[in-house]
Amino acid sequence: MGRIAYVNGRYAPLSEASVHIEDRGFQFADGVYEVWAVMDGRLADHAGHFSRLWRSLGELQIDPPMSEAALDRVLRETIRRNRIKDGIVYLQITRGVARRDHAFPNPAVAPTVVITAKPQDFAALDKKARAGTRVITRPDNRWGRCDVKTVGLLPNALAKQAAKEAGAGEAWLVDADGYVTEGSSTNAWIVDAEGRLRTRDTGANILRGITRLTLLDLARECQVEVVEAPFTLAEAKAAKEAFFTAASAFLTPVTAIDGEQVGDGLPGPVTLRLRDLYVRRARERAI
Ligand code: PDD
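Residues numbered from 1 in each chain as written. Predicted model: local features only at pLDDT ≥ 70, side-chain atom pairs only at ≥ 80, totals over all residues. Heavy atoms only, no water.

> With reference to specific residues and values, describe the side chain of Q92.
Within the secondary structure, Q92 is located in strand β5 (residues 87–94). On the basis of relative accessible area, Q92 is assigned to the buried category, the value being 19%. A polar atom in the side chain of Q92 sits 2.7 Å from the side chain of Y90. Contact partners of Q92, with chain neighbours within four places excluded, come to V32, Y33, T112, V113, V114 and V151. (Helix = DSSP H or I, 4+ residues; strand = E, 2+ residues; numbered from the N terminus. Buried < 20%, exposed > 50% of the residue type's maximum accessible area, 1.4 Å probe, protein only. Polar contact = N/O pair within 3.5 Å; in protein donor to acceptor, adjacent residues only side chain to side chain. Contact = heavy atoms within 4.5 Å.)

In structure tokens:
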């Protein structure tokens, strides 16, 4: 069965689905997106992703194209038409179509709404994730509003490609002061020598990951000490464990950074335990 996409009120085969060439998403990356994991046909971390979506739209002054209830229905219908049990659903909303001009169209035009969904074999991914992955690092040369989940992802894409070419699974971005900000499409974490879980604070120029948020709650419930503060690349390399999080990666252990082994070079026990807890909880609470 071919994949089905939703575009502006219509469902169409992916190969036929299209947007206008003067869409501002295409010309200016003037749009936002969200990614939910789909578990048993339901949306994981449902509310968190929706609330970040409304915030991203607000920050860019893009009018919501429809209510949350309506958008929720369309997401589910896209999942249903693609017969997704486990996978990913992707939503993109741009400012819409207008003759090319940097300033916003006035009067405003209807936003463009695109939804796609793809199946994923979580069991196979789990097996792969459990083996861990290596990361490389790159200077963080992104704009100053990485808290907004925009489709302007060129630095992220270049960093991910560099990782791929180096045989690594992710690129961690490092700011001018030598602190790790986050991954190209994930949040970065370490377990330090004292067993504390450390991840960058949201006062920094990072995306406020929803998986990150759920995991912070979970870790606190498990009495794992959590520190939301900058950590240097040197601290990351010296950490006992490292991992990254995203809706598309859950928790993925990191076994080496820039070719230097992390801990004993194997996925760490804290990471694997939290991964299991996160995946179980996400599945239980998916709606
Ligand atoms: N990426 N940081 C960046 C730069 C990201 O792009 C993402 C998500 C995250 C993790 O956020 P969350 O836990 O809410 O998925 C952190 C998505 C999955 C993507 O671009 O496909």
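> With reference to specific residues and values, describe the sheet that holds strand β1 (residues 4–7).
The sheet built from six strands is open, its strands ordered β2-β1-β6-β5-β3-β4 with antiparallel pairing. For this open sheet the edge positions go to β2 (10–13) and β4 (42–43), each flanked by a neighbour on one side alone. Looking at chain direction, β5 and strand β6 (residues 112–119) are connected through eight bridges and run antiparallel. In the strand pairing of β6, I93 is matched with V113. Of the strands in this sheet, β3 (31–39), β4 and β5 are in contact with helix α2 (residues 46–59), which crosses β3 at around 175°. (Pairing = 2+ DSSP bridges. Axes fitted to C-alpha atoms, helices over the stretch in contact; angles between N-to-C directions.)

> Let's hear about helix α8 (residues 269–285): which residues, and what values?
The terminal C-alpha atoms of α8, which comprises 17 residues, lie 24 Å apart, in line with the 24 Å expected from a rise of 1.5 Å per residue. T271, L272, L274, R275, Y278, V279, R281 and A282 are the residues of α8 that are buried. Turning to α8, the residues buried within the fold contact β3, α4 (122–130), β11 (197–199), α6 (210–221), β13 (241–246) and β14 (250–257). (Expected span 1.5 Å × (residues − 1).)

> So, the site of the ligand: which residues are in play, and what are the values?
Surveying the vicinity of the ligand reveals 21 residues, the closest of which are Y33, E182, I210, T211 and A247. Interatomic distance of 3.3 Å between a side-chain N/O atom of K149 and a nitrogen atom of the ligand. At a separation of 2.8 Å, an oxygen atom of the ligand approaches a polar backbone atom of I210. Elements represented by at least two residues in the shell around the ligand include exactly β3, α2, β9 (180–183), α6 and β13. Here the residues of the shell around the ligand are counted per class, giving six nonpolar, 11 polar and four charged. Among the domains, domain 1 (4–120) and domain 2 (125–285) are the pair contributing at least three residues each to the shell around the ligand. (Near = heavy atom within 4 Å. Nonpolar A, V, L, I, M, F, W, Y, C, P; charged D, E, K, R; others polar. Domains from an automatic or database assignment.)

> Can you break down the packing of α6 against α8 residue by residue, with the values?
Across the interface, α6 lies against α8 with an axial gap of 10 Å and an inter-helix angle of 115°. Judged by the angle between their axes, α6 and α8 are roughly perpendicular. Of the two elements, α6 crosses α8, and the hand of that crossing is right-handed. Two secondary-structure elements touch here, α6 through T211, T214, L215, L218, A219 and E221 and α8 through L274, L277, Y278 and R281. (Parallel < 35°, antiparallel > 145°, perpendicular 65-115°, else oblique. Left-handed = near helix turned anticlockwise from the far one by under 90°.)

> Please set out the pairing of β1 residue by residue, giving values where relevant.
The alternating pattern of β1 places I4 and Y6 on one face and A5 and V7 on the opposite face, and all of these are buried. Remark: two residues form the turn of the hairpin made by β1 and β2, two consecutive strands paired antiparallel; N8 in that turn has positive phi of roughly 45°.

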